[in-house]
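If you want the building blocks of each chain, they are given just below.
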Amino acid sequence: MQLETALITYLYAALFVVFSIAVYGVVIKPNILKKIIALSILGDTVNTIIILLGYRAIAKPLPPILPTLNPTKESIEYFFKTSVDPIPQVLVITAIVINMAVTALLAFLAIQVYRLYGTLDYRKVLKLRRWS
Amino acid sequence: MRSVKIGFILLASIAFLLVLIFIGYGALGFSPKESIRSLGEFILKESYNIYDRKWWAASPEAVNAALWDYRGLDTVYETTVFYLAVIGCVTVFRLSGKHETKGKREEKGYALTVVVRTVSKIIFAAIILIAAVIALHGHVTPGGGFQAGSAFAIAPLMLIAAFSRELVEKLGLKVELSHALKSVALLTIALIALVPLAYSGFILQNQFKPWSTFPGFPVGSTAALISGTIFPLNVAEFLNVAMGFLTIFLIISLPEHVFKKEIGESQHAT
């Protein structure tokens with residue numbers, strides 16, 4: 001195994017560890033607030049993985065923005081041969097905003113649950129629920 | 001609970017080993033390599049190709065060109081989802097009119113020190129300026145509507161923390177205003193999306209295409225590039241996201257006794 005492959009594998013492994021910790025938090029933790037925190041960590045990890053997939057393994061990769069408004073044919077060719085992939089960035093900006101909206105909505109619901117039941121532990125909430 | 005935890009950790013470590021082995025053998029074929037996917041290369045090549053304008057989006061910023069031109073409908077839907085999420089937040093915290101804190105002074109909380117207040121005044125101006133720059137230059141430099149809106153969202157939050165909610169409302173940043181502005185922003189996006197249909201073009205068409213009669217939105221000159229629809233859509237998106245976050249922060253910072261009263265009365269009524 002080459003050094004580069006080993007480093008990339010290490011990066012993915014680290015991301016996977018964070019990912020499984022986040023899934024653990026969402027599944028196991030009884031506190032709703034901790035579930036929300038774990039969910040946002042989960043989203044950020046996935047976004048990082050997607051961004052990583054769009055990286056270009058060359059010496060000096062450029063951001064996907066053409067640095068001039070009067071490009072020559074050569075500069076356009078140089079640009080699309082050295083820039084990183086814009087598609088993952090486009091997908092991630094969408095995902096980040098949706099993630100924020102979902103987190104805000106979940107936080108509002110959690111606050112409302114705390115107001116109505118006085119606890120954020122979902123087991124206690126289930127016990128306190130009035131069957132009407 | 002304990003057995004569930006142990007089972008989870010066991011499964012996670014097995015999955016971890018599998019992922020490690022697969023990546024080690026190169027399962028993620030396209031993971032950092034010297035070439036990128038052909039779709040990404042196409043967008044990079046065509047987004048500001050002034051020599052062959054068949055596919056161009058008139059914006060040197062490939063990310064925003066893809067967001068509002070190549071994948072425009074997706075972004076419009078996503079804006080709507082954000083709008084609906086904010087409406088959902090408002091619905092969860094709704095008040096039945098008589099408990100609104102209009103005209104009633106909030107009780108004095110702990111005032112922060114002069115240092116914090118002075119610094120937050122300076123930073124408030126800076127944040128507004130930076131958000132405006134990110135939104136208005138989104139089509140030529142890194143940035144865009146979402147980023148600018150998220151940057152702006154910090155400003156009222158900081159004012160609420162350093163001063164009070166009352167001050168933010170005195171500055172004119174009220175819930176009603178934010179509702180109105182973000183609805184206007186969403187309508188603007190919808191209108192811009194539908195304009196090409198009047199000239200028998202496509203929904204969200206930006207520039208002229210040989211197979212439709214729509215002449216395309218104005219591009220502007222090199223000195224003042226507008227990039228067709230990308231500039232106005234970025235500004236509208238900025239308004240939508242900024243005002244959405246403003247609504248969320250204004251509602252979440254209402255004093256707790258307002259909601260306590262509301263919940264108490266509704267429980268007495270049932």
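Given the structure is predicted, the values throughout are model-derived calculations rather than measurements.

Basis of the calculations
- In every chain, residue numbers begin from 1 and rise along the written sequence.
- Chain letters start at A and ligand numbers start at 1, both assigned in the order the entries are written.
- Only residues with pLDDT of 70 or above have their local features reported here, since the model is predicted, and side-chain atom pairs are shown and tallied only from 80 upward, although totals for entire chains, interfaces and linings are computed over all residues.
- Helix numbering and strand numbering both begin at the N terminus, where a helix is a DSSP run of H or I of at least 4 residues and a strand a DSSP run of E of at least 2.
- Once C-beta atoms are placed from the backbone, each residue is buried if 20 or more other C-beta atoms lie within 10 Å of its own, exposed if 12 or fewer, and partly exposed for counts between those two.
- By definition, residue pairs are in contact when their C-beta atoms, positioned from the backbone, come within 7 Å.
- Basically, the charged four are Asp, Glu, Lys and Arg, the nonpolar ten are Ala, Val, Leu, Ile, Met, Phe, Trp, Tyr, Cys and Pro, and anything else, Gly included, counts as polar.
- We call a set of buried Ala, Val, Leu, Ile, Met, Phe, Trp, Tyr and Cys residues a nonpolar core when their C-beta atoms link them within 7 Å.
- What a helix should span is 1.5 Å times the count of its residues minus one.
- In this description, a line fitted to the C-alpha atoms serves as the axis of each element, helices being fitted only across the stretch in contact, and the angle between N-to-C directions of two axes falls anywhere from 0 to 180 degrees.
- Reported orientations rely on four angle classes, namely roughly parallel under 35 degrees, roughly antiparallel over 145, roughly perpendicular from 65 to 115, and oblique for the rest.
- Here a crossing is called left-handed whenever its near helix is offset anticlockwise from the far helix by less than a right angle, and right-handed whenever the offset is clockwise.
- The pLDDT score gives, residue by residue, the confidence of the prediction method on a 0 to 100 scale.

(A) Summary view of the overall build of chain B. Looking only at helices and strands, chain B has 10 helices and 0 strands in total. The 270 residues of chain B split such that 34% are buried. Partitioning the intrachain contacts of chain B with sequence separation of at least 6 by distance along the chain shows that 65% fall at a separation of at least 24.

(B) Structural detail: the overall build of chain A. Secondary structure summary: chain A contains 5 helices and 0 strands in total. Reading the helices (α) and strands (β) of chain A from amino to carboxyl end gives α-α-α-α-α. Its C-alpha atoms put chain A at 70 × 40 × 15 Å along the principal axes. By residue count, 25% of the 132 residues in chain A fall in the buried class.

(C) Inspection of the interface of chain A and chain B at higher detail. Contact residues are listed per partner, giving 46 residues for chain A and 52 residues for chain B. Listing elements by their share of the side of chain A that touches chain B, those giving two or more residues are α1 (3-28), α3 (73-82) and α4 (86-117) of chain A. In terms of residues, the side of chain A that touches chain B owes the most to one element, α4(A), which gives 17 residues. Grouping the constituent residues of the side of chain A that touches chain B by class yields 34 nonpolar, 8 polar and 4 charged.

(D) Representation of the environment of Ala131(B) in the model. Residue and element names in this part refer to chain B. With respect to the helices and strands, Ala131 occurs in helix α5 (residues 114-136). Taking the C-beta count within 10 Å as the criterion, Ala131 has 22 such neighbours and is therefore assigned buried. Considering only alpha carbons, one finds Ala131 and Ala155, 24 residues apart in sequence, at a separation of 9.7 Å. Ala131 has contacts with Ala148, Ala151 and Phe152, leaving out every residue within four places of it along the chain.

(E) Focus on the nonpolar core. In terms of nonpolar packing, the biggest core is built from 66 residues, with Ala66(B), Phe152(B) and Ala242(B) touching the most fellow members. When residues in this core are grouped by element, the largest group, 14 residues, is from helix α9 (residues 230-252) of chain B. When sequence neighbours within four positions are dropped, the list of residues in contact with Ala66(B) reads Pro86(A), Ile87(A), Val90(A), Ile43(B) and Arg71(B).

(F) Structural context of α9(B). In a regular helix each residue adds 1.5 Å, so 23 residues correspond to 33 Å; α9(B) covers 33 Å between its end C-alpha atoms and thus fits that length. In terms of burial, α9(B) is largely enclosed, as 19 of its 23 residues are buried.

(G) Quick look at unusual backbone geometry. All names here are of chain B. The phi dihedral of Ala58 is positive, around 65 degrees, even though this residue is not glycine. If you check the backbone angles, Leu204 has positive phi at about 65 degrees while not being a glycine. Residue position: Leu204 is located in the loop between α8 (175-198) and α9. Overall, Leu204 belongs to the buried group, with 22 C-beta atoms counted inside 10 Å.

(H) Highlighting the packing of α4(A) against helix α3 (residues 62-70) of chain B. Where α4(A) contacts α3(B), the axes come no closer than 9 Å and their chain directions differ by 60 degrees. In this view, α4(A) runs oblique relative to α3(B), as classed from their interaxial angle. Pair α4(A) / α3(B) crosses with right-handed handedness. The segment α4(A) lies against α3(B), with Pro86(A), Ile87(A), Gln89(A), Val90(A) and Ile93(A) engaging Ala62(B), Val63(B), Ala66(B) and Leu67(B). Tallied by class, the residues present in the contact of α4(A) with α3(B) amount to 8 nonpolar, 1 polar and no charged.

(I) Highlighting the packing of α5(B) against helix α6 (residues 145-162) of chain B. Residue and element names in this part refer to chain B. One can describe the packing of α5 onto α6 by two numbers: an axis separation of 8 Å at closest approach and a directional angle of 165 degrees. By the criterion of interaxial angle, the relationship of α5 to α6 is roughly antiparallel. Relative to α6, α5 is oriented so that their crossing is left-handed. Contacts between α5 and α6 involve Val116, Arg117, Ser120, Ile123, Phe124, Ile127, Ile128, Ile130, Ala131, Ile134 and Ala135 on the former and, on the latter, Gly145, Gln147, Ala148, Ala151, Phe152, Ile154, Ala155, Met158, Leu159 and Ala162. Looking at the contact of α5 with α6, its residues break down into 17 nonpolar, 3 polar and 1 charged.

(J) Summary view of the confidence of the model for chain B. Residue and element names in this part refer to chain B. When pLDDT is averaged along chain B, the result is 83, and 89% of the positions lie at 70 or above. Across chain B, the element-wise mean pLDDT spans from 72 in helix α10 (residues 256-269) up to 92 in α5. The ipTM value of the predicted complex is 0.85, and its pTM value is 0.85.

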